[in-house]
Each structure stands twice: as C-alpha cells, then as structure tokens.
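Per-entry structural report
Here is what each chain is made of, one letter per residue.
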Amino acid sequence: MANFNIDAKRDMTYDAIVIGSGISGGWAAKELCEGGLKTLVLERGRLVEHVKDYPTMNNDPWDLELRGAASAAEMEDYQVVSRSGFVGANNRHFYGKDDENPYTEVKPFLWIRANQMGGRSLLWGKQTYRWCEQDFTANSEDGHGVDWPIRYADLEPWYTHVEKFAGISGQALGLPQLPDSHFLPPMEMNCVEKEVKKRIEAEFPGRVMTIGRVAHLTEPLNGRGKCQFRNRCDRGCPYGAYFSSNAVTLPAANATGNLTIRPFSIANEIIYDAASGKATGVRVIDAETKEVIEYYARIIFCNASTINTTQILLNSTSDRFPNGLGNDSGELGHNLMDHTYRVGATGKFDGFADQYYSGRRPNGIYIPRYVNLDEQSRSDEFVRGFGFQGGAGRASWGAGANQEAFGADFKDGLMQPGPWEFFITGFAECLPYHENQVSLDRDQLDKWGRPTLKIDCEFKANEKAINRRIRQDAQEMLERAGLEEIISFDNEHEPGYGIHEMGTARMGRDPETSVLNGTNQVHAVPNVFVTDGACMTSSSCVNPSLTYMAITARAANHALEELQKNNL
Amino acid sequence: MERRTALKRTALLAGASTLGPSLLSLLQSCQPASRLDWTPEFLSLEQADFFAAFVDTILPKTETPGALDVKVDLFMDLVFARLYNAAGQEQLLADIKAFDERCTDQFGQTFANLDGGQRTEFLQAEETTNAKYAPQVWGTAVGEQEPIGFYRSMKSLVIWGYFSSQEIGQNVLNYDPVPGDYRGCVPLAEIGRSWSL
C-alpha cells in the first residue's frame, strides 16, 4: 500500500476535514477524496496500516506465553473495555485505554472505544443488514421520538453503492422487513443449522432463518482476498477479507492523492464563525504533545463515533451556541440508544454425531424480525421488534471441565468433538428517550484537560418487555426445533454491551426538535455534517453499521454537489 | 532427597542470584523429596508438587502425551503468577491449603502423596460436589452462574493448558491454521480428531 500522507504541517487549510477514521469516517474520506476534495482526516490515535500493523494476526495459542489471555498487568489499563469479554492479548492494542476515555456512569453503561486509525472497524462483528421501510416510519407511526427526515427509498441507492465496494456476503430472501443487499455468495450453514432452520420454518409460519449477512468477502474484490475462515478477524485480516477502513476505504481515499491523515489528533472543538454562520475549522489537541492546532476547511464531517462526536459538538461553544454547536433544539446529547444483548436460549442437538465441519466461519445464522410487522403479528406488550443471531457447533475440549470425569478415557474422549449445540440471542430495538443522555462534566477533566462525559442511560419498560418475549420465543423455538437441555437466559446487560450506540445528535425534519437535517447537516450550521451513529433518529433492531456507510456516502455526495453549486 | 533430583535442583539454584527463604530452608533441611525439575514463579515447591500430581491425575499419559509431558503444571504456575490478581492469588493459596487439608483428613496424606486409587476416589467426590460452568455465548457465561469451586476451576485450567499447548495443538489434534474455505457438513470420519483452533 502506498504510504499515507501524514504531513499536516504543510497545509493548515483543506477542502474538507473528517473527524475520525472508523467505519463512517473512512467512507466520508473516500467519497470526498474521490470527489476531488483535499481532505484531512483527524485521527485521535495512532496510524494502523493494513497488514503492516497487525502484529498478532498469525498467532497460534502457544505463540503467546498465556495462550492468548492477557495478564493482569496487561489488562490494568483496559478495565472498562474488558467488561465486554472480548479483550485479550491478541487484540488488546486495538481497544481504548481507560484513561483515554474517562466517563462517569450515572447509570451503568459500557462504552467500548477503539482509539486508532480504523477505530472499531477493526473490531466490529461485521453483521450487515439493510434497514427497512418500516424502520424509517416507526417513529411517526407509534409516536416515539421524531420522524426520520428520510425514507428507505432515499437510502436504497446508497446501500447498493457501499455494498458493491465493501463486499457483503449473504442470501437474498425478498423479505420486506430485511431488504436484500447486493450480495456476494452466502456462507454455508452446518448440518444442525440446516436442520434447525427446516424445523423452525415448518413450526413457525412467518419465521425465517438465514445465514448471517456479513461484510466478509466470499469472492475476491478489488484486489482484496476472500475470507480464509481463520476467524482471527479482530487482530486485523492479512487478506483484507473483511471490511475495515484500514483495508478498504482509506486506501481508496489515499489512492486519489487527496488524503492527508493526521494521527494523535484529538478534535477538541469545531470553530464557529458568527459572521458567516458557518464552521471554519477544527481545534485539535495533539495527543502526544498537547499542542493546540487549528485546521480549516470548507466542510467538516463528524465521524468520531456516536458519543465522541456529540462530546465534540457539546464542547464547541460560542456566543451563538452556548450549549453546544447546533444545539438550538436542546436535543444534542439526548436520545442515546443501543440494542439489548445476550438474551436468548441455548441447547443441545441429539443427532448428526457422525458429521462435523471444516473451517472457522466468522459468522452465524440470523432470524429476521417477525413481530409487529402487520396487524397479524402485532404484540400487545411492546412496540418495535427484535431479531436473533446465533449458530450451531460441536462442543470442543473446553466442555470437558463440566464432565464428571477425569483420567485416561476422559482425555481421549476430549480429542473428539462433543455434542452439537445451538444457540440464539436476540437484539431488541431500543426507543429514543429524551432522558437517555450524555452531558459534559466540566468538573472532571481528562488528561488533556477536556471536559469528560456523564452517561445517563437505561433500558426501560418497552425494551424489557421485548427481552421477555425474546427469551420466551427463544426457548420455544429451540424446544420445537428439537433441541434438548435448553437453557434460556437474560444477562440483563446495561446499555452499551450491544456496542451499537446511536442517537444524541438526531436527524429530523424540525430544527426545534432535532440537530441534523435530512442530509445530515447541522440545521443551523450547514457545512457541518454528522454521519456516524450520532445521527440516528431510531435504532431498528438490526445492526447499524451498513446504514452508517450508506448515510455517509449519501451525505458526502450531497456535500460535493452543494459545494459545486457554491451553497456551502 | 533422591540424588539425581537433588543434583538437578542444585544446578538450577546455582544460577540464581538470590534464594528465597523457603528454598534455602528446603535445601538445608532436606525436606521430603520434591519431584520438581523446574523452578516455579509463583507456587512453592510443595504446591507445585501438588499440581504435578493433580494434572497427572486429570490428564495422564496414554498413547497420547499426558499433562505433565506438555508441562501443564508449568503453564498453571505462569497463569497464577501473571493472570491472577493479588486477591485471586491469595484465594488460590487458601484453596490449595483447604483442599490438601481435606485430603489429609480423609487419607492422612496430602494429595501429592496419595496413591492412584486414593486420588481417583478423592477427585470423584469433588466432581459431584463442585458446581458446573454455565454455558457461554460469545465468550461470556449466560444465565445464573453458581460460584465455581477450586476443583473445577483447576480442572478447567488443566484442560486449557493441555489443549492449547503446541504439542497437542499441532501434532495430536487436527491443526489447520488457514482453512481457506468453510464446509458445513463433513463426515467426522474424514476429519478424525477435533480441530485444534
């Protein structure tokens, strides 16, 4: 890969500044650079170049002293993110340290951060689902939150645009509640998944089980290799098989010659000019030297990730905007959402003992929403819906801990795959509540002297009602699909575990109740665009990243058009 | 002390710049023989002897290597030293002591000094009284997790140390670092043993 231009000293002025280089920032950079704009990407962490900076990508368990676990000393700075259960010696370097993102949990909230080039695009689950028409009309139909200023039709061409470049694998189904993407070939289900699918679809008319739709290449694309089924994604993929900014969008942006990326650049505030009514640039703190530097541009894209983007906007105060840039509505910081997580059921499948699989598939199965789609599927208990992710596999040697046995036969038995197991876990849509919010804490500063955040968020009655239904349905589906020894569960996780933070600078039709317009421009400061999760007006029940990509590409192309017309 | 072991121990210690008091007293008094031929980072020699006996009972040598062959006891010592925090280490030492005390109550000897039949009898009782692990989804236990007792958590560690070792992972189980594709239904007979990764 060509080296990235990190010489941001040469020029202080650009056509565009993009704050953040994760999933949405990478897309903004690509679209703006390809549109001919000299673009500066501000990244608060270090550079992570594709392949070169994936030091653990080929580690086998025995290559590390603790076989992939991180020592107590190594985890000392990662107490917050380690609550997720995902952090170890092989991926620790892609997670944010506690002192980089101090925040106060007014109510329990897990904030998973990744402070380096590529952000969480290196770590994400890669499940990619289009939102549907109903997702964009739900707020206006049931009265929770404000109406989206866009509809599915507005995004449809942009979904196609980003899918063709990102590479999405999946099975087309023609379901209105889960529109098909532009698909690469689907991954395969294993024996038990195929059997369970058959039984669930026979037992429950209207319910469908499909292979997960994922941003993994199942065929080579634009010089990227296909998935090798190693399932070591969160260390960085040497083949570039999964979508990340590092492997996909930033190299494309770089190829235009228009990209400059400045690492260790904490965007502290957006500079507002009252005379023109526009933002003129970004005030940056160098994370290493603490030097304060100003960069200027005609347009600014905020893609720092949901909560960080809003932190920057809240911290961008002026006489015109004493409560944060573009916060005329008072909604900036409010309506924080996530999906519920780890509620479902697991069981054992008696059969297919002579069948196994080969390869480590970084994907599972998906059961799309089937509740509250129409009058017939309407629930009296809650509004909105949920979907399930899950999968089947054969128990491995780890299951030996629970067997009431030890000794020679026990050891030899563990060399063989154990019983088949199948699980599903639900993701519930979360309503936008004004009182679920982030706010600046000017009394507690971070190590750069910036106000920290207070996060005050909780799931409420509707989410809890959906979770009860998820658990009940999961148990019932597993029973009727013939699973045994079923255990249903609800870990009652606080928000944040879904790592799908959305909202806090929502889009809307009315400047009095929303922060952004229908093309993601701050209502009162139209040359500032917010296209990460902060812009979301509702949360759907499907994973949001693909929608961030589409919204970003759409807004970036709108910005290009407006610049051409001299409207910005 | 058996001569050969004593020589080995002395050779090991000769390279050490400082000797902990427990090691010194052990040498001086020539306490009951330790079977150890390595120097633990965290455990005392006596505790390391306990784990040597424990891992050998859980996963003995058959036509495939046993836990001692792939140095699971060394791995556990490392885990205690590096992975456990101070509170966990303290609890561990108390648990080892309590475990051996129960052993001594029942058989008049610590676990390491029991014969094979006695070890089996003792561990079988532990199997029935120790809580089980709750199922996991994406790396975290789901549902209610009863506190896991010393026996089962140590057994779990033995299994982890054994199957994540290079010898077992590369030469005993099926090792395929770059599968290249995913096939969802393959006759087990075509594959044989479990995949190691």
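What counts, and where the lines are drawn
- Residues numbered from 1 in each chain as written.
- Chains lettered and ligands numbered in written order.
- Predicted model: local features only at pLDDT ≥ 70, side-chain atom pairs only at ≥ 80, totals over all residues.
- Helix = DSSP H or I, 4+ residues; strand = E, 2+ residues; numbered from the N terminus.
- Rg over C-alpha atoms; globule rule 2.2 N^0.38 Å.
- Buried ≥ 20, exposed ≤ 12 C-beta atoms within 10 Å, placed from the backbone.
- Axes fitted to C-alpha atoms, helices over the stretch in contact; angles between N-to-C directions.
- Parallel < 35°, antiparallel > 145°, perpendicular 65-115°, else oblique.
- Left-handed = near helix turned anticlockwise from the far one by under 90°.
- Contact = placed C-beta atoms within 7 Å.
- Pairing = 2+ DSSP bridges.
- Core = buried A, V, L, I, M, F, W, Y, C linked by C-beta atoms within 7 Å.
- Nonpolar A, V, L, I, M, F, W, Y, C, P; charged D, E, K, R; others polar.
- Expected span 1.5 Å × (residues − 1).
- pLDDT = per-residue confidence, 0-100.

1. Re the overall build of chain A
- Within chain A, the regular secondary structure consists of 10 helices and 20 strands.
- Computed over C-alpha atoms, the radius of gyration of chain A comes to 23 Å, within 12% of the 24 Å expected from 2.2 N^0.38 for 568 residues, which places it in the range of a compact globule.
- Overall, the C-alpha framework of chain A stretches about 75 × 55 × 45 Å when taken along its three principal axes.
- Across the 568 residues in chain A, those meeting the buried criterion constitute 55%.

2. Side note on the overall build of chain B
- Check the secondary structure of chain B and you find nine helices and three strands.
- Its helices and strands in sequence order give chain B the pattern α-α-α-α-α-α-β-β-α-α-β-α, from N to C terminus.
- Across the 197 residues in chain B, those meeting the buried criterion constitute 29%.

3. So, the packing of helix 1 (residues 23–34) of chain A against helix 10 (residues 545–564) of chain A
Residues and elements named next belong to chain A.
- Contact geometry for helix 1 and helix 10: axes closest at 9 Å, N-to-C directions at 30 degrees. With respect to helix 10, the element helix 1 is oriented roughly parallel. For the crossing formed where helix 1 meets helix 10, the hand is right-handed. Counting all contacts with helix 1, which are made through Ile23, Ser24, Trp27, Ala28, Glu31 and Leu32, the residues of helix 10 involved are Ser545, Tyr548, Met549, Thr552, Ala553, Ala556 and Asn557.

4. Topic: the sheet that holds strand 16 (residues 437–445) of chain A
All names here are of chain A.
- Sheet architecture is open: three strands sit in the order 3-17-16, paired in mixed fashion. Where the open sheet ends on each side, the last strands, each with one partner, are strand 3 (103–105) and strand 16. Averaged over all adjacent pairs, the angle separating strand axes in this sheet is 30 degrees, with direction ignored.
- Bridging between strand 16 and strand 17 (residues 451–456) involves six bridges; their strand directions are antiparallel. Across the sheet, residue Val438 finds its bridge partner in strand 17, namely Ile455.
- The strands that helix 7 (residues 306–315) touches are strand 16 and strand 17; relative to strand 16, the one it contacts most, it runs at about 60 degrees.

5. Remarks on the nonpolar core
Residues and elements named next belong to chain A.
- Counting residues in hydrophobic clusters, the biggest one holds 158 residues, and the most contacted among them are Ile17, Ile19, Ile300 and Cys302.
- Per element, the largest residue contribution to this core is 10 residues, and it comes from helix 10.
- Residues within four places of Cys302 in sequence aside, it is in contact with Ile19, Thr309, Ile312, Leu313, Val528, Phe529, Val530 and Asp532.

6. Observations regarding the environment of Glu100 of chain A
Residue and element names in this part refer to chain A.
- On the secondary structure map, Glu100 appears in the loop between helix 2 (72–75) and strand 3.
- For Glu100, a count of 18 C-beta atoms within 10 Å translates into the label partly exposed.
- C-alpha separation for the pair Glu100 and Glu421, spaced 321 residues apart in sequence, amounts to 39 Å.
- In this structure, Glu100 is in contact with Arg113 and Asn115, ignoring residues within four places of it in sequence.

7. Re the interface of chain B and chain A
- Listed as interface residues are 51 residues of chain B and, on the opposing side, 49 residues of chain A.
- Secondary-structure elements contributing two or more residues to the side of chain B that touches chain A are helix 3 (45–58), helix 4 (72–83), helix 6 (116–129), helix 7 (150–163), helix 8 (166–172), strand 3 (183–187) and helix 9 (188–191) of chain B.
- Partitioned by chemical class, the residues of the side of chain B that touches chain A number 28 nonpolar, 15 polar and eight charged.

8. Quick word on the packing of helix 4 of chain B against helix 7 of chain B
Residue and element names in this part refer to chain B.
- Running from N to C, helix 4 and helix 7 cross one another at 115 degrees; their axes reach a closest spacing of 9 Å. Classified by chirality, the crossing of helix 7 by helix 4 is right-handed. Residues Val72, Phe75, Met76 and Val79 of helix 4 touch helix 7, and the partners they reach there are Leu157, Val158, Gly161 and Tyr162.
- Its residues placed into classes, the contact of helix 4 with helix 7 shows seven nonpolar, one polar and no charged.

9. Thoughts on unusual backbone geometry
Residue and element names in this part refer to chain A.
- For Phe229, which is not glycine, the phi dihedral falls at a positive 55 degrees.
- Locating Phe229 in the fold gives a position in the loop between strand 6 (210–211) and helix 6 (245–255).
- Judged by the 23 C-beta atoms lying within 10 Å of it, Phe229 falls in the buried class.
- Here the phi dihedral of Glu485 falls at roughly 50 degrees; this positive angle occurs in a residue that is not glycine.
- Mapped onto the elements of the fold, Glu485 is located in strand 18 (residues 484–490).

10. Quick word on helix 4 (residues 152–166) of chain A
All names here are of chain A.
- Over its 15 residues, helix 4 extends 20 Å from the first C-alpha to the last, a length consistent with the 21 Å expected when each residue adds 1.5 Å.
- Of the residues making up helix 4, those classed as buried are Leu155, Trp158, Tyr159, Val162, Glu163 and Ala166.
- Next to the buried residues of helix 4 lie helix 1, strand 4 (168–169), helix 6 and helix 10.
- One or two residues past the end of helix 4 sits Gly167, with phi positive at roughly 85 degrees.

11. Section: the pairing of strand 9 (residues 278–286) of chain A
Residue and element names in this part refer to chain A.
- One ladder, built from eight bridges, connects strand 8 (residues 265–273) with strand 9; its direction is antiparallel. Bridge pairing in strand 9 places Ile270 opposite Val282.
- The antiparallel hairpin formed by strand 8 and strand 9 contains four residues in its connecting segment, where Gly277 sits at a positive phi of about 70 degrees.
- One ladder, built from five bridges, connects strand 9 with strand 10 (residues 292–302); its direction is antiparallel. Bridged to Gly281 within strand 10 is Tyr296.

12. A closer look at helix 1 of chain A
Residue and element names in this part refer to chain A.
- End to end, helix 1 covers 17 Å across 12 residues, agreeing with the expected 16 Å (1.5 Å per residue, within 8%).
- Where burial is concerned, most of helix 1 is hidden: 11 out of the 12 residues are buried.
- For helix 1, the complete set of buried residues consists of Ile23, Ser24, Gly25, Gly26, Trp27, Ala28, Ala29, Lys30, Glu31, Leu32 and Cys33.

13. Examining the environment of Leu440 of chain A
Residues and elements named next belong to chain A.
- By the element assignment, Leu440 lies in strand 16.
- When the C-alpha positions of Leu440 and Thr452 are compared, they lie 5.9 Å apart, and in sequence the two are 12 residues distant.
- The residues touching Leu440, leaving out its near neighbours within four places in the chain, are Leu314, Asn315, Pro451 and Leu453.

14. A look at the confidence of the model for chain B
All names here are of chain B.
- Summarising the model, chain B shows a mean pLDDT of 85, and 82% of its residues fall at 70 or more.
- Predicted confidence for residues 1–32 stays below pLDDT 50, and this span has 13 contacts to residues more than four positions away or in other chains.
- In the predicted complex, the global pTM is 0.93; the interface-specific ipTM is 0.93.

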